[in-house]
Amino acid sequence: MTSSSPVDGPVGGPDSGGHGGGHGGVRGRADERLPRPPAFAFPTQTWKEIAYLLANLLVGIVCFVFTLVWLAVGLGLAVTVVGLPLLALGLRFSRLLGRFERNRARALLSVRIDEPSPLPYHPDSGFLGKLWTSLRDPVGWRATLYALIRLPWSVVTFAITLTSLFAAWPVLPWIARGLTHVDRAMVRGLLFPSDELERRIAELESDRGTVVDTAAADLRRIERDLHDGAQARLVALAMGLGLAKEKLEEDPEAAAKMVDEAHGEVKLALQELRDLARGIHPAILTDRGLGPALSALSARCTVPVKVAVELPERPAPAIEGIAYFTVSELLQNISKHSGARTAEVELWRTEDRLLIQVRDDGRGGASTDGGTGLAGLAERLGSVDGLFVVDSPSGGPTAVTAELPWRHRTGSAAGAAVARSRRRA
């Protein structure tokens, strides 16, 4: 019999004429029942942890041998001239090993660790000063301890992980996660910056630079104001009085007129000197404190300002001065840029913080971005451990909140008496 059976249909494939389309559906369903290609069942993070644990042995041996050699040689030769420099050099290399381990933990264990601040070498300290700074490096000594205690743990983790790859494959992800938790704890404990101390040192170094730059800018401003203002008027005054002296006998009326002009110049020079002194430190702030000083400041603003100061006592002069000039600059911004009709200034104390809030009903849009005056205020407040927050949506209103550390005033009565006696003199 030559007729084909239904089973023979699929063998013809797509070249079997009209029957090809019908049997193509059967072939498609057969392909769907085929097993998927083989793949690794573990997620990427598990493979990273396994790779970290297997690499622990090689890394641990290298770090342990290197650390043991320089530590033994440096301590053995500490009584000689070369021992201490060797210890200092070894601590520098331990810092590099610590950086390598932090990078490895960051890449394979997803542990985010900040880098410690560099050694605070003083440019004028000389060789002995730099040597002593290196020997007192806590980051280097913690990295040294990390390298010494890592070797036993590296041997254990390598053995357990390698054995589990063949004998305990189903539970290997849980084993790897538990072992790497110990590694994470060791990295955080020994290679992490000294709690908040390292971060605080970096912040203070940045703040010190801001204070120095601000003080230098203020000195340049005072010098420029003196040179272009009061000094120029005093020079003109001296020349005018000299001419008046020459004309005193020949033309008394002209000399009297020149003396009157010189008298006017003296008044203008005195006013400029008062304004300059007010810009350095206003007398009313020294004598009466923030409340009256801010009231006098608001009277010069082009916008009606309501001032409310609720302070049980006066803060330290430095904090008092920063608060005054912060409000002064904010009120100047309101006068020049806000288009406001009214403004409010509030000062109060909350525990160990002095809070300042300046609000206006202007057009808004104020920001600390782009190098504006508000950005300079934020830097100045940050240099004394303060905060500066601007809430100014487009269309207004604007609320600026500044926060300063509260420092108690010491010797305020004596300081005020000395300042009053100097002004009277």
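Residues numbered from 1 in each chain as written. Predicted model: local features only at pLDDT ≥ 70, side-chain atom pairs only at ≥ 80, totals over all residues. Heavy atoms only, no water.

Colleague: Please explain the overall build of the protein as it appears in this structure.
Modeller: Counting its regular elements, the protein contains 13 helices and 5 strands. For the protein, buried positions account for 33% of its 425 residues. Contacts in the protein between residues at least 24 apart in sequence constitute 70% of all its contacts with a sequence separation of at least 6. On the protein, roughly 25,700 Å² of surface is accessible, and the fraction owed to carbon and sulfur atoms is 62%. (Helix = DSSP H or I, 4+ residues; strand = E, 2+ residues; numbered from the N terminus. Buried < 20%, exposed > 50% of the residue type's maximum accessible area, 1.4 Å probe, protein only. Contact = heavy atoms within 4.5 Å. Areas by Shrake-Rupley, 256 points an atom, 1.4 Å probe, with all protein chains shown as cover.)

Colleague: Sorry, what's going on with the pairing of strand β2 (residues 343-350) here?
Modeller: Where strand β1 (residues 305-310) and β2 come together, 6 bridges link them in parallel fashion. Counterpart to Ala308 in the pairing with β2 is Glu346. As a crossover connection, the stretch from β1 through helix α11 (residues 317-338) into β2 is left-handed. Of the pairings in the sheet, the one linking β2 to strand β3 (residues 353-360) comprises 8 bridges and is antiparallel in character. Bridging across to β3, Val345 finds its partner in Val358. Connecting β2 to the next strand, β3, in antiparallel fashion are 2 residues, including Glu351 with a positive phi near 55 degrees. (Pairing = 2+ DSSP bridges. Right-handed = clockwise from strand over helix to strand, strands pointing away.)

Colleague: Would you explain the nonpolar core in this entry?
Modeller: A general feature of soluble globular proteins is that nonpolar side chains tend to end up buried together. Ranked by size, the top nonpolar core spans 31 residues in total, and within it Leu294, Val327, Leu331, Val345, Ile356, Phe388 and Leu404 carry the most contacts. Listing elements by their share of this core, those giving two or more residues are α10 (290-299), α11, β2, β3, α12 (373-382) and β5 (398-405). For this core, the leading source of residues is α11, giving 7 residues. Ignoring sequence-local partners within four residues, the contact set of Leu404 consists of Ile319, Ile322, Ala323, Asp352, Arg353, Leu354, Ile356, Leu381 and Val384. One finds Phe42, Trp153, Leu179 and Leu191 within the second-largest nonpolar core, a separate group that totals 19 residues. (Core = buried A, V, L, I, M, F, W, Y, C linked by side-chain atoms within 4.5 Å.)

Colleague: So what exactly am I meant to see when it comes to the sheet that holds β2 here?
Modeller: The strands that make up a sheet are held in pairs by hydrogen bonds between backbone atoms, and each pair lies either parallel or antiparallel. On the basis of which strands lie adjacent, the open sheet formed by 5 strands has the order β1-β2-β3-β5-β4 and mixed pairing. One side of each edge strand has no neighbouring strand; the edge strands of this open sheet are β1 and β4 (387-391). Each adjacent strand pair in this sheet contributes to an overall mean axis angle of 10 degrees, direction not counted. One ladder, built from 5 bridges, connects β4 with β5; its direction is antiparallel. Looking across to β5, one finds that Asp391 is bridged to Ala399. Seen against the sheet, α10 touches β1 and β2 and runs at an angle of roughly 175 degrees to β1. Helix-sheet contacts for α12 involve β4 and β5, and the interaxial angle to β4 is about 150 degrees. (Axes fitted to C-alpha atoms, helices over the stretch in contact; angles between N-to-C directions.)

Colleague: What am I meant to see in the environment of Leu243 here?
Modeller: Its place among the elements puts Leu243 in helix α7 (residues 197-247). Residues Leu243 and Ala255, 12 residues apart in the sequence, show an inter-C-alpha distance of 7.7 Å.

Colleague: Is there a simple way to think about the side chain of Arg150 in this case?
Modeller: Here Arg150 shows up in helix α5 (residues 138-167). With sequence-adjacent residues up to four places away left out, Arg150 is seen in contact with Tyr52, Asn56, Glu101, Arg104, Asp183 and Met186.

Colleague: Quick question: what am I supposed to make of the pattern of salt bridges here?
Modeller: Side-chain pairs of opposite charge can arise where the charged atoms are in close proximity. Applying the stated criterion to the full structure yields 11 salt bridges. Residue Arg95 pairs with Asp137 through a salt bridge whose shortest N-O separation is 2.6 Å. On the criterion of sequence distance, the pair formed by Arg95 in helix α3 (residues 83-108) and Asp137 in the loop between α4 (126-135) and α5 is long-range, its members being 42 residues apart. The two residues Arg95 and Asp137 agree in class, both being buried. Linking Glu346 and Arg359 is a salt bridge whose minimum nitrogen-to-oxygen distance equals 2.6 Å. Residue Glu346 is located in strand β2, and its partner Arg359 is located in strand β3; the two are separated by 13 residues in the primary sequence. Looking at Glu346, the relative accessible area reads 28%, which means it is partly exposed. Each of Glu49, Arg177 and Arg184 takes part in one network of salt bridges that share partners. (Salt bridge = Lys/Arg side-chain N within 4 Å of Asp/Glu carboxyl O.)

Colleague: Help me understand unusual backbone geometry in this model?
Modeller: Most peptide bonds are trans, and most residues other than glycine sit at a negative phi. We note that Ser110 has phi near 60 degrees; this positive angle belongs to a residue other than glycine. Here Ser110 lies in the loop between α3 and α4. With a relative accessible area of 43%, Ser110 lands in the partly exposed category. One non-glycine residue with positive phi stands out, namely Glu351, at about 55 degrees. Assignment of secondary structure puts Glu351 in the loop between β2 and β3.

Colleague: How should I be thinking about a negative patch on the surface in this particular structure?
Modeller: A contiguous patch of negative charge on the surface is contributed by Glu246, Glu249, Glu250, Asp251 and Glu253. Tracing the backbone shows Glu250 in the loop between α7 and α8 (252-280). (Patch = residues over 30% accessible without salt bridge, like charges linked within 9 Å, V, L, I, M, F, W, Y side chains within 5 Å. Lys, Arg positive; Asp, Glu negative; His and termini not counted. Charge placed at Lys NZ, Arg CZ, Asp CG, Glu CD.)

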